[in-house]
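# A structural walkthrough
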Amino acid sequence: MTHGNRKMTIVYNARPNSDSDDTEGHIRHSLQKLGHAVVDDGDGDIYLFHKQFNPPKEFTGKYVCWYFDKLWRDRDIWMEKILKTAHLVAMTDETWAMANPHENIAIIRQGIGEQLELTGNSGRFKAKIAFTGSIYGERVDWVNKLKKRYNEALQVYNNAFNGDLYDLCASVSIIVAPPYPSDDYYWSNRIYMILGSGGFLIHPRLKGLSTEYIEGEHYAGYTGMDELFYKIDYYLRNHEERMKIQRAGYEITVKKYNFTERCQSLIKEIHRRKIIGNNAS
């Protein structure tokens, strides 16, 4: 095995590549780009997992969890167990981390896979306004209010990933993000995926987002339905301003919030905490 600041062997518990959101594929590619060996089983320096903790029997290294979802319902019970086992838990739910401080927690958010050029088919989707995602809980009422106001101009698309998401972002004028279940210090990967795919996004106004994006420069923010309606109407009328924000959001996302940068942050945390050190086994 490798130690110190040298390259590591990472046993990665990941889903196989698919036509859906290939976050694990982007992470694997980024770790390899950074010079690390990524294997599916056997022994190594790090066992990296997201939701399934099932290390190979012969594994003798350290455990690292990178958890992306909101920690609520029974997920927090699972996380409390993982924190007793893993040497590092990187998570995106900073709200939960602040309420449950633990020395093994680091905040490392998601990102966008490496993209070279905007290549979306701008004629594929006909809606002016789109929401991409599942409809559940408080989102049901939120979507119904949007449909009542905008009728056929609003369309809902589920499972729009990869090329589909590129085409959607190139086709529609505005993509809207729901307020549920985000809060000031938790948000999903939606903002990175949409901005990094070239879309114009109206997203809930959250305090934590100010550490990465500037509202009005990279995306449009809102609080409440009245402001959301106002922002949609305003940016439908102001094409040039919308396109300027859209381009700036894309450029900062692919430059700073891609998975290679996120994986670099993860590796730095591993070394900073001396999880892998000169005497590691």
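Presented here is an overview of the structure given in this document. (Residues numbered from 1 in each chain as written. Predicted model: local features only at pLDDT ≥ 70, side-chain atom pairs only at ≥ 80, totals over all residues. Heavy atoms only, no water.)

## Focus: the sheet that holds strand S9 (residues 174–176)
Ordered in space as S8-S7-S9-S10-S11, the 5 strands form an open sheet in which the pairing is parallel. A strand with exactly one partner marks an edge of an open sheet, and here the two such strands are strand S8 (154–157) and strand S11 (220–222). With direction set aside, neighbouring strand axes in the sheet form an average angle of 30°. By the bridge criterion, 2 bridges tie S9 to strand S10 (residues 201–204) in an arrangement that is parallel. Residue pairing in the sheet places valine 176 in a bridge with isoleucine 202 of S10. (Pairing = 2+ DSSP bridges. Helix = DSSP H or I, 4+ residues; strand = E, 2+ residues; numbered from the N terminus. Axes fitted to C-alpha atoms, helices over the stretch in contact; angles between N-to-C directions.)

## Side note on the nonpolar core
Of all hydrophobic cores here, the largest spans 24 residues; its most connected members are Leu168, Val172, Ile175, Ile191, Leu201, Leu209 and Tyr213. Elements represented by at least two residues in this core include exactly helix H5 (162–171) and helix H6 (190–196). No other element matches H6, which puts 5 residues into this core. Those residues in contact with leucine 168 that sit more than four places away from it in its chain are Phe125, Ala130, Thr132, Tyr157, Ala160 and Ile175. With 23 residues, the next largest nonpolar core counts Leu34, Leu88, Ala106 and Ile276 among its residues. (Core = buried A, V, L, I, M, F, W, Y, C linked by side-chain atoms within 4.5 Å. Buried < 20%, exposed > 50% of the residue type's maximum accessible area, 1.4 Å probe, protein only. Contact = heavy atoms within 4.5 Å.)

## Some points on the sheet that holds strand S6 (residues 105–107)
In space, the 6 strands of this open sheet follow the order S2-S1-S3-S4-S5-S6, with parallel pairing throughout. Each edge of the open sheet carries a strand with a single partner, namely strand S2 (37–39) and S6. Taken over all neighbouring pairs, the strand axes of this sheet differ in orientation by 25° on average, direction set aside. Pairing analysis gives 4 bridges linking strand S4 (residues 62–67) to strand S5 (residues 88–91), with the strands arranged parallel. Note on S5: the bridge partner recorded for tryptophan 66 is alanine 90. Where helix H2 (residues 75–83) meets the sheet, it contacts strand S3 (46–49), S4, S5 and S6, and its direction lies at approximately 155° from that of S4.

## Remarks on the environment of asparagine 159
Tracing the backbone through its elements, the reader meets asparagine 159 in the loop between S8 and H5. C-alpha of asparagine 159 to C-alpha of threonine 85: the two residues are 74 residues apart in sequence and 33 Å apart in space.

## With respect to helix H7 (residues 225–237)
The first and last C-alpha atoms of H7 sit 19 Å apart over 13 residues, in line with the 18 Å expected at 1.5 Å per residue. On the buried face of H7, the contacting elements are strand S7 (129–132), helix H4 (139–150), S9, S10, S11 and helix H8 (239–256). (Expected span 1.5 Å × (residues − 1).)

## Observations concerning the layout of surface pockets
Empty space within the largest pocket amounts to approximately 1100 Å³. What lines the largest pocket is a set of 40 residues, and nearest its centre among them are Asp21, Asp69, Phe161, Ser188 and Asn189. Of all the elements in the fold, those that place two or more residues in the lining of the largest pocket are helix H1 (23–33) and H6. Sorting elements by how many residues they give to the lining of the largest pocket places H6 first, with 3 residues. Of the residues assigned to the lining of the largest pocket, the class counts are 16 nonpolar, 15 polar and 9 charged. (1 Å grid on protein atoms, 1.4 Å probe; cavity = no way out; pocket = protein on both sides within 12 Å on 5 of 7 lines; lining within 4 Å. Points joined across faces, edges and corners; volume = space filled by probe spheres on them. Nonpolar A, V, L, I, M, F, W, Y, C, P; charged D, E, K, R; others polar.)

## A look at the packing of H1 against helix H9 (residues 259–272)
When two helices pack together, you describe them by how their axes are tilted relative to each other and by the distance separating the axes. For the pair H1 and H9, interaxial distance at closest approach is 9 Å and the crossing angle is 65°. Classified by the interaxial angle, the pair formed by H1 and H9 is roughly perpendicular. Between H1 and H9 the crossing geometry is right-handed. For the pair H1 and H9, the contacting residues are Thr23, His26, Ile27, Ser30, Leu31 and Lys33 in the first and Phe259, Thr260, Cys263 and Ile267 in the second. In the contact of H1 with H9, the residues fall into 5 nonpolar, 4 polar and 1 charged. (Parallel < 35°, antiparallel > 145°, perpendicular 65-115°, else oblique. Left-handed = near helix turned anticlockwise from the far one by under 90°.)

## A closer look at the packing of aromatic side chains
Here the structure, examined in full by the defined rule, presents 22 aromatic pairs. Joined through ring pairs, the aromatic side chains of Tyr47, Phe49, Phe53, Phe59 and Tyr63 make up one cluster. Arginine 109 extends its terminal NZ or CZ atom over the ring of tryptophan 187, reaching a point 3.8 Å from the ring centre. (Phe/Tyr/Trp six-rings, centres within 6.5 Å; stacked < 30°, edge-to-face > 60°. Lys NZ or Arg CZ within 6 Å of the ring centre and 35° of its normal.)

## Some details on the pairing of strand S1 (residues 9–12)
Two strands pair when backbone bridges link them, and S1 and S2 are joined in this way by 3 bridges, in the parallel orientation. Bridge pairing links valine 11 to valine 39 in S2. Note that S1 and S3 share 3 bridges and pair parallel. Note that in S3 the partner of isoleucine 10 across the bridge is isoleucine 46.

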